[in-house]
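Chain by chain, the residues run as shown.
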Amino acid sequence: MPISILKGKNEGPVFTIVAGVHGFEYPPIVGVQELLREIDINSLSGTLIIIPVANTASFFSRTSIVNPNDQVNLNGAFPGKSNGSVTQKIAHFITTNIIPASDVFLDIHGGGVNEDLIPFALFYDNGNYPQQTKKARRLSEVSGFEYIVSYPFTIRDDEPAKYVFKQASQDGKVALSFESGKLGNVQNDAVSLIKKGVYNILVEMKMYDKATGPSPKLIQLNNQTYIKSNEKGLFYSNLKAGDSVEEGEVVGYITDEFGEKLKEYKAPTSGIILYKISTPPVNVDDTLMCLSSKL
């Protein structure tokens, strides 16, 4: 696992940035690589810990979610195991070595090869650590992302966090995540937004002096509803990420292999489509789309 540590000329916080937890999410990886080349350590206060590709086996094998060496999803393996499979060992290393050294922890994702999404910044509303949650919200809001999404934090301290930045939140760190990019491609605007978000956070933390400021319009979302598939087949929808839907509206349908319609799917609530499956194949219990709204 590649790790870069950029020690600034002046003292300051430790800011960790992780990309490539899923190897098919390319804009985060490319964006972080560009940041490594651009940041001038003579102008940096504090320390950056940067992992540009956390799941190298997934990346180089072009495997969307799991590590092909053990078929484990890194973003479901936390806190990991020191004596487990290779992915569990990676999770354990990040949990025991990287997260404890961090003051702020940023996990960057994007849409995989089959996922359409709108860019958004997100954090966990962790009532166990109100000050850290408040700061995570603030960093999300100044990042430059228009959509700011909060997720409920409902697990106990002794439950596995599963997700990398949820582990950081569970451990009492200021933790947040970006989602930018989609469909397994490198979009220049997605890369630019990721870099903008990092620079804005660095300025807010008084670590650097290059920023463009927050989005002039912030849309706060804190209520997510997932539409799951009950059938195996082909999913069709004319909607895209960012579209608004009304409760009861037909959002798509599934056919069998012969094109016979098996079921229509309706929105169980009104909201904005954060992300959705954008390729036809679906299996039982796949997430067809995620709707988000403000309660």
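Residues numbered from 1 in each chain as written. Predicted model: local features only at pLDDT ≥ 70, side-chain atom pairs only at ≥ 80, totals over all residues. Heavy atoms only, no water.

**Comments concerning the sheet that holds strand β15 (residues 250-255)**
Here comes step 1: Within the open sheet, the four strands sit side by side as β16-β15-β13-β18. Their pairing is antiparallel. Sheet topology places β16 (261-266) and β18 (281-282) at the edges, where each strand pairs with a single neighbour. (Pairing = 2+ DSSP bridges. Helix = DSSP H or I, 4+ residues; strand = E, 2+ residues; numbered from the N terminus.)

**Section: the pattern of salt bridges**
Two side chains bearing opposite charge may form a pair once their charged atoms approach each other closely.
Here comes step 1: This model, assessed by the stated rule, comprises nine salt bridges.
Here comes step 2: We note a salt bridge from Lys195 to Glu38, for which the minimum N-O separation is 2.5 Å. One end of the pair, Lys195, is in helix α6 (residues 188-204); the other, Glu38, is in helix α1 (residues 26-38), and 157 residues separate them in sequence.
Here comes step 3: Assessed through its relative accessible area of 14%, Lys195 is described here as buried.
Here comes step 4: With a shortest N-O distance of 3.5 Å, Asp116 and Lys182 are connected by a salt bridge. Of the two residues, Asp116 is situated in strand β7 (residues 115-117) and Lys182 in the loop between β10 (174-179) and α6; the sequence distance between them amounts to 66 residues.
Here comes step 5: A relative accessible area of 32% means that Lys182 is categorised as partly exposed.
Here comes step 6: Members of the salt-bridge network, linked through shared partners, are Glu34, Glu38 and Lys195. (Salt bridge = Lys/Arg side-chain N within 4 Å of Asp/Glu carboxyl O. Buried < 20%, exposed > 50% of the residue type's maximum accessible area, 1.4 Å probe, protein only.)

**Brief notes about the side chain of Ser215**
Here comes step 1: In this structure, Ser215 sits in the loop between α6 and β11 (219-221).
Here comes step 2: Given a relative accessible area of 14%, Ser215 falls into the buried group.
Here comes step 3: Separated by 2.8 Å, the side chain of Ser215 and the backbone oxygen of Lys217 make a polar contact.
Here comes step 4: Those residues within four positions of Ser215 in sequence are excluded, and the remaining contacts are Gly144, Phe145 and Glu146. (Polar contact = N/O pair within 3.5 Å; in protein donor to acceptor, adjacent residues only side chain to side chain. Contact = heavy atoms within 4.5 Å.)

**Considering a nonpolar patch on the surface**
Here comes step 1: On the surface, Met1, Ile3, Ile5 and Phe93 cluster together into a nonpolar patch covering about 350 Å² of accessible area.
Here comes step 2: With respect to the helices and strands, Phe93 occurs in helix α3 (residues 86-98).
Here comes step 3: You can call Phe93 partly exposed: its relative accessible area is 33%. (Patch = residues over 30% accessible without salt bridge, like charges linked within 9 Å, V, L, I, M, F, W, Y side chains within 5 Å. Areas by Shrake-Rupley, 256 points an atom, 1.4 Å probe, with all protein chains shown as cover.)

**Things to note about the pairing of strand β8 (residues 120-125)**
Here comes step 1: Burial analysis of β8 places five of its six residues in the buried class, the great majority of the element.
Here comes step 2: Examined bridge by bridge, β8 and strand β9 (residues 147-152) share six bridges and lie parallel to one another. By the bridge assignment, Phe123 is partnered in β9 with Ser150.
Here comes step 3: In this fold, β8 hands off to helix α4 (residues 130-142), which returns the chain to β9; that crossover is right-handed. (Right-handed = clockwise from strand over helix to strand, strands pointing away.)

**Some points on the packing of aromatic side chains**
Here comes step 1: The tally for this structure, following the rule as stated, stands at nine aromatic pairs.
Here comes step 2: Centre to centre, the rings of Phe24 and Tyr26 are 5.3 Å apart; their planes meet at 40 degrees, and the pair counts as tilted. For the pair Phe24 and Tyr26, one class covers both residues: buried.
Here comes step 3: On the basis of an interplanar angle of 35 degrees and a centroid distance of 4.9 Å, the ring pair of Tyr124 and Phe165 is categorised as tilted. Of this pair, Tyr124 sits in strand β8 while Phe165 sits in helix α5 (residues 164-170), placing them 41 residues apart in sequence.
Here comes step 4: Given a relative accessible area of 7%, Tyr124 falls into the buried group. (Phe/Tyr/Trp six-rings, centres within 6.5 Å; stacked < 30°, edge-to-face > 60°.)

**Quick notes on the packing of α1 against α6**
Here comes step 1: Axis separation between α1 and α6 bottoms out at 8 Å; the angle between their running directions is 50 degrees. Between α1 and α6, the crossing angle belongs to the class labelled oblique. Regarding α1 and α6, the two cross each other, and that crossing is right-handed. Facing Pro27, Pro28, Val30, Gly31, Glu34, Leu35 and Glu38 of α1, the residues of α6 in contact are Ala190, Val191, Ile194, Lys195, Val198 and Tyr199.
Here comes step 2: Classifying every residue of the contact of α1 with α6 by side-chain character gives nine nonpolar, one polar and three charged. (Axes fitted to C-alpha atoms, helices over the stretch in contact; angles between N-to-C directions. Parallel < 35°, antiparallel > 145°, perpendicular 65-115°, else oblique. Left-handed = near helix turned anticlockwise from the far one by under 90°. Nonpolar A, V, L, I, M, F, W, Y, C, P; charged D, E, K, R; others polar.)

Purely spatial values, then, with no claim about function.
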